[in-house]
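Here's the letter readout for the chains.
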Amino acid sequence: MPEAQKPLELILARNLLSSISTPAFLVDAEGTLVFFNEAAGSLVGRRFEETGALGPREWGEAFGPFDAAGDPIPWDQLPLTIALQHGRPMHSRMHIHSSSGDLHDIEVSALPIVGTEGFRGAIAIFWPVGAEDGSAA
Amino acid sequence: MKATVWGARGSVPAPGPETNRYGGNTSCVHVSLDDGSELVLDAGTGIRPLGLAMTGTAERIHILLTHLHMDHIQGLMFFAPLFHPKTDVIIYGPASPEASLMDRIARYISAPLSPVEVRELPCQVSFRDAPDIEWQIGSASVRASSVAHRGPTLGYRITEGDTSLAYIPDHEPALGASLDSLGDEWISGYALARDASLLIHDAQYTDAEYPAHMGWGHSRITDTLAFAHRVGAQRLALFHHDPMHDDDMLDGFVTDAAERWRERGCDPAQIAIARERRPLDFARPRAPDASASSASAPGSAARSPDVTSA
């Protein structure tokens, strides 16, 4: 029997993210970006179908988060990384570049996913600053 | 491995003249292994008549619970072997961070719902969280895995030699996403059911009924067929019949399912519907010509592709 099946918690999380218009990333317990939804794709300028899964540091570099001073935010200080490594929620504000070079000012909340059999991964949702009208994407 | 259905109804027992042919008891399937080991899949009300049939025949019985919704445990306290001091009953079920399996089941087998407490059961009973790795019961290997339903819920795969049974009676794998849009590893239950000799799967709703029940943890027939096709099951037994579905409706339901299976380019003899007190067929379907007639016309047991005709 194949062992590649994703944990149910990640399957359900992906189904949820694929059904909502809030931009969101899903990473597994190893830190691999295993899915991002269409709304997140609009934000970063690429569709998940184009990028496929990205390794732990690949996705950090691919979307190049910057702080308010324009300095790159180290991978281990990203909210998603903190949720992964420390198993706790994290929220912060940052800037990202889309593939077209547009700079987005966003807020990010990351949440760990813990199943009955332990830590499964994390979700990060993004909110473009200034999108208070509810149309985040 | 032999398997017999003792209850195929979902949600709540539905006894009555209009359900006599397919049966009104809730989920329960008896599995006998070649080495004599006895397994019982779920403890819906079908386990009561099963227990009467088993009395005195088994020293050890393994009950595999998929989850603890009432239609899957309601018959447990009426299972006769629980009242035989020499019988060893091992009950497996989903783990929960909230309480042990025994404590959760004891909520049902205790006052005010029951006159008998778990600790008063005369048999030797033990409760075990289903392991997250494959384990052995007699001559079979057993695998449990969480599947998409409401609350902690397992599916099981039982493999003996080259025969495998996948039992996923409560399952909504297409919730929030079309199965056609998902990679194999993203489909709930895929690994459990892949290439199974027989897949017993939730088929509670028609496509018309499903929108009003989306998210309740059950499948519409379109998704059941898509899942079975995707995993490459050699046979599919439609299970967990809605209590509103009477015999005549189920006759047409399975005939329609078999026709839709044929439209996928598959042999309609692979499609069956679970019926109480009937054995399930593990053998590969006969030649298409011989099987096609069994699904060709609705309206009678002889013409419907039930588990004995397939």
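Conventions adopted
Residues numbered from 1 in each chain as written. Chains lettered and ligands numbered in written order. Predicted model: local features only at pLDDT ≥ 70, side-chain atom pairs only at ≥ 80, totals over all residues. Helix = DSSP H or I, 4+ residues; strand = E, 2+ residues; numbered from the N terminus. Buried ≥ 20, exposed ≤ 12 C-beta atoms within 10 Å, placed from the backbone. Rg over C-alpha atoms; globule rule 2.2 N^0.38 Å. Pairing = 2+ DSSP bridges. Contact = placed C-beta atoms within 7 Å. pLDDT = per-residue confidence, 0-100. Nonpolar A, V, L, I, M, F, W, Y, C, P; charged D, E, K, R; others polar. Core = buried A, V, L, I, M, F, W, Y, C linked by C-beta atoms within 7 Å. Axes fitted to C-alpha atoms, helices over the stretch in contact; angles between N-to-C directions.

Novice: Break down the overall build of chain B for me, with residues and values.
Specialist: Scanning chain B from N- to C-terminus turns up seven helices and 14 strands. With respect to the three principal axes, the spread of C-alpha positions in chain B is 55 × 40 × 40 Å. Burial status across chain B gives 55% buried among its 310 residues.

Novice: Which residues make up the overall build of chain A, and what values go with them?
Specialist: In terms of helices and strands, chain A carries five helices and five strands. Starting at the N terminus and ending at the C terminus, chain A contains elements arranged as α-β-β-α-α-α-α-β-β-β. The C-alpha radius of gyration computed for chain A amounts to 14 Å, which stays within 12% of the reference 14 Å derived for 137 residues, consistent with globular compactness. On the principal axes, the C-alpha backbone points of chain A span a range of 50 × 30 × 25 Å. Within chain A, the proportion of its 137 residues that are buried is 39%.

Novice: Which residues make up the sheet that holds strand β6 (residues 124-129) of chain B, and what values go with them?
Specialist: All names here are of chain B. Overall, mixed pairing links the seven strands, which are arranged β6-β5-β4-β3-β2-β1-β14 in an open sheet. Only two strands of the sheet have a single neighbouring strand rather than two, namely β6 and β14 (279-280). Direction of pairing for strand β1 (residues 2-7) relative to strand β2 (residues 28-32): antiparallel, over a ladder of five bridges. Counted as the bridge partner of Val 5 is Val 29 from β2.

Novice: So what about helix α5 (residues 79-86) of chain A? Which residues, and what values?
Specialist: All names here are of chain A. Within α5 the residues assigned to the buried category are Pro 79, Leu 80, Thr 81, Ala 83 and Leu 84. Contacts from the buried residues of α5 go to β1 (24-28), β3 (90-97), β4 (103-115) and β5 (118-128). One or two residues past the end of α5 sits Gly 87, with phi positive at roughly 65°.

Novice: Any details on the confidence of the model for chain B? Residues and values, ideally.
Specialist: Residue and element names in this part refer to chain B. Taken as a whole, chain B shows an average pLDDT of 91; of its residues, 92% reach a score of 70 or greater. Below a pLDDT of 50 lies the segment residues 290-304, which in the model reaches 30 contacts outside its immediate sequence neighbourhood of four places, other chains included. Reported for the predicted complex are a pTM of 0.87 and an ipTM of 0.75.

Novice: Tell me about the pairing of strand β8 (residues 140-146) of chain B, and please be specific about residues and values.
Specialist: Residue and element names in this part refer to chain B. Burial analysis of β8 places six of its seven residues in the buried class, the great majority of the element. Sheet analysis places strand β7 (residues 135-137) next to β8, joined by three bridges and oriented antiparallel. Bridge pairing links Trp 135 to Val 142 in β8. Here β7 hands over to β8 after two residues, with Gly 138 in that stretch at a positive phi of 55°. Two elements, β8 and strand β9 (residues 154-160), share six bridges in a ladder whose sense is antiparallel.

Novice: A description of the interface of chain B and chain A should follow, citing residues and the corresponding values.
Specialist: Many analyses report the size of an interface as the accessible area lost when the parts associate. With 19 residues of chain B at the interface, the matching set in chain A holds 15 residues. Elements represented by at least two residues in the side of chain B that touches chain A include exactly β8 and α4 (190-193) of chain B. Of the residues assigned to the side of chain B that touches chain A, the class counts are ten nonpolar, four polar and five charged.

Novice: Just give me the short version of unusual backbone geometry, but keep the residues and values in it.
Specialist: Glycine aside, residues mostly have negative phi angles, and peptide bonds mostly take the trans form. Residues and elements named next belong to chain B. That bond from Ala 111 to Pro 112 is cis: its omega, 0°, falls within 30 degrees of zero. Relative to the helices and strands, Pro 112 resides in the loop between α3 (101-106) and β6. One non-glycine residue with positive phi stands out, namely Asp 195, at about 60°. Tracing the sequence through the fold places Asp 195 in the loop between α4 and β11 (198-202). Residue classification places Asp 195 among the partly exposed residues on the basis of 13 C-beta atoms within 10 Å. Residue His 240 is not a glycine yet carries a positive backbone phi of 65°. Structurally, His 240 can be placed in the loop between β12 (236-239) and α6 (247-263).

Novice: Quick one: what's the story with the nonpolar core, residue by residue and with numbers?
Specialist: In this structure, Ala 24, Leu 26 and Ala 124 of chain A together with Leu 199 and Ala 237 of chain B are the most contacted members of the largest nonpolar core, which totals 121 residues. Filtering out sequence-adjacent residues up to four positions away, Leu 199 of chain B remains in contact with Ala 166, Ala 193, Ala 228, Val 231, Ala 233, Arg 235 and Leu 236 of chain B.

Novice: Describe in detail the sheet that holds β11 of chain B, supporting the description with residues and values.
Specialist: All names here are of chain B. Reading across from one edge, β7-β8-β9-β10-β11-β12-β13 is the order of the seven strands in this open sheet, with mixed pairing throughout. Two strands lie at the open edges of the sheet, namely β7 and β13 (271-273), each paired on one side alone. When the angles between neighbouring strand axes are averaged without regard to direction, this sheet yields 25°. One ladder, built from five bridges, connects β9 with strand β10 (residues 163-168); its direction is antiparallel. Counted as the bridge partner of Ile 158 is Leu 165 from β10.

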